[in-house]
Every structure is written in C-alpha cells, then in structure tokens.
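# Results of the structural survey
Residues per chain are reported as follows:
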Amino acid sequence: MKFGGVRFVPGFYVLLLVSTVALMAGETAHLSIDATKAGAKIDRNLFGQFAENLGHGLYEGIWVGPDSPIPNTRGIRNDVVTALRALQVPNVRWPGGCFGDEYHWRKGVGPAGQRPATLNSSWGGVVDDNSFGTEEFMDFIQQIGSQAYVSINVGSGSPQEAAEWLEYMTAAKPTAMAKERAANGHPDPYRVGFLGIGNESWGCGGNMTPEYYLSQLKIYSHFARNDNPSQHGANQMLKIAVGPGTPETEWTETIMKAWQHHDWSWNIDGLSLHWYTVANGWPPSTPSTGFGVQDYGKTLKSTLFMDEFLRKHESVMDEYDPQKKVALVVDEWGVWHAALHGTNPAFLFQQNSLRDAILASLNLNIFARHADRVRMANIAQMINVLQAMILTDKDKMVLTPTYYAYRMYVPFQDATFVPVVLDAGTYMQGGESLPRVDALAARDASGKLWLEITNLDPEQPIDLDADIAGMTAKSAKGKTLTAPAVDSVNTFESPNAVVPKPVSASVKGGRLALTLAPKSVTVVSMEP
Ligand code: AHR
C-alpha cells in the first residue's frame, strides 16, 4: 500500500500568496482559484488521530468495560463510537507516545480478569489493569471504521517481542501465535495498516543518538513482519521510523542518508515528526479557558511555525529522496495548554475552545499545502487528552470545537489540492502581525470544488470575493464554525456553544461571494 496511492505529484504545490498590506475593516478579501489546476492528493491519513494510554484517553474515554451502565459494545462506549464514525477517522495511533516504549503487549491479551496489573510509569504512575489491550483496540478500530497504527516498543522491548506481537496480530497460518489469537476470540488475522518503530527515541523512548536509533531501526524494520496475506503487495503495512521533534535536522539527515542506500534487508515508508504548539514555551502554561485575544493571537502565531518546521525537514528529505518515496508523518501535533485546574497534571486534560478549532484548521491547511511529502498526521490526542475531539465525564460526552472543525474537513480527505491565490492582508495583535485569512481548496472525486477559509481576525468580519476559473459553479453552500468569544467552549451543560451553522454564499458569473464572521472556520462546496 502506498500513502494514498500517490508518491509524488509534480507541478502546483504552494500558491498561497498573502499580501503584507493590512486590510481595513469592512474591506473585501480577494481570492482566486483555477479549478483545472491540480496539485497533490490530500491524503486522508492526514486526518489521523492519536490515542495513547494516558489519563482518561483510553480508560473512561473509550473503554468502560462490558459491565458498565454506560451504553457500550463489548466494553467500548457507543456514544464515542458514533461521534467518531462521523469523522471517518482514517487511522488511530496506539498505544503511545512515551507509553508505547514501556508497553509489553502480552500483558494486554488473554481472558479478562487474568491480565496482570502494571504501572503506567510514563503518565502518573497509575495502575493499569490491562483490560484494554490488543483485542480491545482492534475492536475499537473496527467499530469506528478506521485503520490501526500500532507503535512497537523499541525502548524497553526487544525485536523478538515486537516480531511476536506482529505475528500474533497478523499471522493467518496455524502458528502458536495465531492459535493464541484465535483462542482469544479472533481467528482471522488483524490488519495493521501502519507500524511505528519506537517513539521519540531521542527522548522518552530511550534517549538514543541518531546513529544508535538507526541501528535499532534496521533490526526492527526487518523482523517486525506483517503476515496477513491480504497485506502483501498493494496493501502492505507501512513502516514509520522515529523522526525529529525539533527544527534541528541531524536526526532526519542520519536516517535519510542511510535510507538512500538501504538494501532489501530493511526499509521505511515514512519518517515521523512531532511538533506541539506551546505558545509560551515549556512547561505549557497557556490557559485553555478564560483567555483573551492577546493569548489567542500569540497561540496562532506560534502554530504557524509548523510550515517552516516542515520545510526544514523536507529539504533534507528531498536531498536523499527526491522522488518523495518516504512520507513525512506528523504523528503528534496539536496545542498543548496548561492542565485544567483541579485535574491530575499527568493526565494532560485541557478544555478545547474556538481558538483550538481555528488552530486545527491552520495546521490542516499547512499539511495539505505540503501534501506531496506530508501524507499522514495524527492530532494529539483523540479523547480527554491535549487537543481532544471529545471530552467525557462518566456517562456524559461533549464534542469539542476541534471535533467540529474535523467534521467540516471530511470532504478534503483524498481530494485533490487546488492552488489558491489569496490577497487578504494582515491583522495586528499585541505588536505581532498575523495573516487575516487562510484558505484551502480541493476537488473531490465527483468534481465538486471545496473551499475552506479561516478568518483569523478576532474582531472584523471579512467580505470574501472569490474568482473561480476552470469550472462553472452552479451553486454554493457552506457551514461556518464561530462563537461569541475566542475562548468559547462546549461544556457538558452547554454542549452546543460552538457548532457549525449554515452560512449563506452566492455564486454568479464565476464569482463566489460570502461574508466570513470574525474568528471563524468556513467550508463551502460548489457543484460543477
Ligand atoms: O502526547 C503526549 C506525549 O507527547 C507523548 O506521549 C510523547 O510522545 C510526546 O512527548
């Protein structure tokens, strides 16, 4: 399997021009699109998620157990499954994160009640009864209609342990591992779409040098085999190496230089990259509620660094892999705020506001503009941890503004990038200049044109005038996500404070016109 079946699409790539002239309030922003100009495919795997065994991400967020009064299917919450199905989540990374390099899979298989209790040393030293293990994760993946992205333990595991886990999950022939899986309720082999070979091996994954990690990568990439017959050939499992977590390029250089001369005995399909938005530096201190436009502007300014970060590493990858065979996989990204007051700081629980949804849209647009190299990404994290889609409290569930942004982006999955020329100016916030507008356009398989426009300006609405060439758009319809304040949130008591609402858009004579509310994410579709 290739990442989305596209290795490299030459031609139109980045064509987003942002004027440096500040627009006055009430002025019109101009945008033009030639719908015949196709760039790379926006791989659906860019909309992947990360579900680590951390805090209440898995336990309570996904897993309540079959005996819970909370409605569930084989222990997995029904409300969460229904919500996630609507996002068409392409892949879920599990079990870590830092936790992945302390996870020993054998402790999480076998009859319920007979699994050993272990400590989650990475995240708060809490006791884990291992009731959520391989079978439960695969069941969850199947229930939400996604693909498994499994990270294997390189830090404290062994090649044998990893090889046996892969055999347990994927062998179809009657080996001891396959029989054990069958005895545990799953005779058919599982599909493992993606394999992460370690996590942050330069830090929590073993504090390795790039050279030491490279030697491990070669061994694990050879021995961790996928034996599922349906994954031989076109649908093969993609192997993803640990990549950098800073703009320094030494790690990328070491892995890619070696990869250039790799032989049959080892290979990778992706190199991971981790980058969080931490607006005031470590430890994360920005509040996730009760902030104003100043904090808002600072956080958005900080998140826009993602573009430069990708460029730095892409330029090294281009040197050793000009054909872009190895994907850049941003398998941890998102905004990391201070833990919500009164919660366990090790559980990384934060609220999620309109600001975070806008931040998500800016990052998704950046990924799409890099789609010829960036073919997979995983927001951190899915439920109750960091920039979550969903928050839960016992039987209650609330969908966050970031969830709604993701739902609005579903049509961009596997659509073809269309370059946008944008003249929208800047706005100033606390001495910092930010783009007023960001935009992404794409055509889906049916020929429909999709346009996403983010108005970053927290105060001014913008009239958008878009010139659409290359197709005769008959009609336009759209939705917008905004709220009264930049820190508006959805709560269990008030779950619909930030939800998408229809927006009126008119299309006539090849021009699209609509008004963008301040601080909003808008998606419009145009029928040919
Ligand atoms: O997402 C939380 C943590 O951030 C992950 O466990 C780790 O990989 C990263 O440092």
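Bear in mind that the values here come from a model prediction, so they are computed numbers and not experimental data.

### Considering the pattern of salt bridges
One pass over the structure, following the stated rule, counts 19 salt bridges. Among the salt bridges present, the one from Glu136 reaches Arg115, with a minimum N-O distance of 3.1 Å. Of this pair, Glu136 sits in helix α2 (residues 134-144) while Arg115 sits in the loop between β5 (92-94) and β6 (118-120); the two residues are 21 residues apart in sequence, bridging distant segments of the chain. Judged by relative accessible area, which is 13%, Glu136 ranks as buried. Among the residues examined, Arg115 registers a relative accessible area of 11% and is labelled buried.

### As for the state of the cysteines
Here a disulfide denotes a covalent bond joining the sulfur atom of one cysteine to the sulfur atom of another. For the structure shown, the criterion picks out one disulfide. Sulfur-sulfur distance for the disulfide between Cys98 and Cys204 comes to 2.2 Å. Between Cys98 and Cys204, the S-S torsion sits near -90 degrees, and that sign places the bridge as left-handed. Here Cys98, found in the loop between β5 and β6, pairs with Cys204, found in the loop between β9 (194-197) and α5 (210-223); they are 106 residues apart in sequence, far enough to count as distant. Judged by its relative accessible area of 17%, Cys98 falls in the buried class.

### Describing helix α8 (residues 305-320)
Between its terminal C-alpha atoms α8 stretches 24 Å, which fits the 22 Å expected from 16 residues at 1.5 Å a residue. Listed in full, the buried residues belonging to α8 are Met306, Phe309, Leu310, His313, Glu314, Val316, Met317 and Tyr320. Elements that come into contact with the buried residues of α8 comprise α6 (250-260), β11 (270-277), α7 (293-303), β12 (327-335), α9 (354-369) and β13 (374-380).

### Some thoughts on the pairing of strand β10 (residues 238-241)
Taking every second residue as pointing to the same face, both faces of β10 are buried, with Leu238 and Ile240 on one and Lys239 and Ala241 on the other. In this structure, β9 lies alongside β10, joined through four bridges in parallel fashion. Counterpart to Leu195 in the pairing with β10 is Lys239. A crossover connection joins β9 to the parallel β10 through α5; in handedness this β-α-β unit is right-handed. When β10 meets β11, the two strands line up parallel, connected through two bridges. Paired with Ile240 across the two strands is Gly270, which belongs to β11.

### A look at unusual backbone geometry
For the bond running from Gly96 to Gly97, omega is 10 degrees, close enough to zero to count as cis. Positionally, Gly97 belongs in the loop between β5 and β6. Across the junction of Ala380 and Gln381, the peptide omega takes the value -10 degrees, indicating a cis bond. Position of Gln381 among the secondary structure elements: in the loop between β13 and β14 (390-393). One non-glycine residue, Leu348, lies in positive phi territory at about 50 degrees.

### Observations regarding the site of the ligand
All residues in the neighbourhood of the ligand are listed as Phe50, Glu52, Gly97, Cys98, Trp123, Asn199, Glu200, Tyr276, Glu332, Trp336, Gln381 and Leu386. In the model, an oxygen atom of the ligand is placed 2.7 Å from a nitrogen or oxygen of the Glu52 side chain. A distance of 2.9 Å separates an oxygen atom of the ligand from a polar atom in the backbone of Cys98. In isolation the ligand has 280 Å² of accessible area, and contact with the protein removes 93% of it. Its residues assigned to classes, the shell around the ligand shows six nonpolar, three polar and three charged.

What counts and how
- Residues numbered from 1 in each chain as written.
- Predicted model: local features only at pLDDT ≥ 70, side-chain atom pairs only at ≥ 80, totals over all residues.
- Heavy atoms only, no water.
- Salt bridge = Lys/Arg side-chain N within 4 Å of Asp/Glu carboxyl O.
- Helix = DSSP H or I, 4+ residues; strand = E, 2+ residues; numbered from the N terminus.
- Buried < 20%, exposed > 50% of the residue type's maximum accessible area, 1.4 Å probe, protein only.
- Disulfide = S-S within 2.5 Å.
- Expected span 1.5 Å × (residues − 1).
- Contact = heavy atoms within 4.5 Å.
- Pairing = 2+ DSSP bridges.
- Right-handed = clockwise from strand over helix to strand, strands pointing away.
- Near = heavy atom within 4 Å.
- Polar contact = N/O pair within 3.5 Å; in protein donor to acceptor, adjacent residues only side chain to side chain.
- Areas by Shrake-Rupley, 256 points an atom, 1.4 Å probe, with all protein chains shown as cover.
- Nonpolar A, V, L, I, M, F, W, Y, C, P; charged D, E, K, R; others polar.

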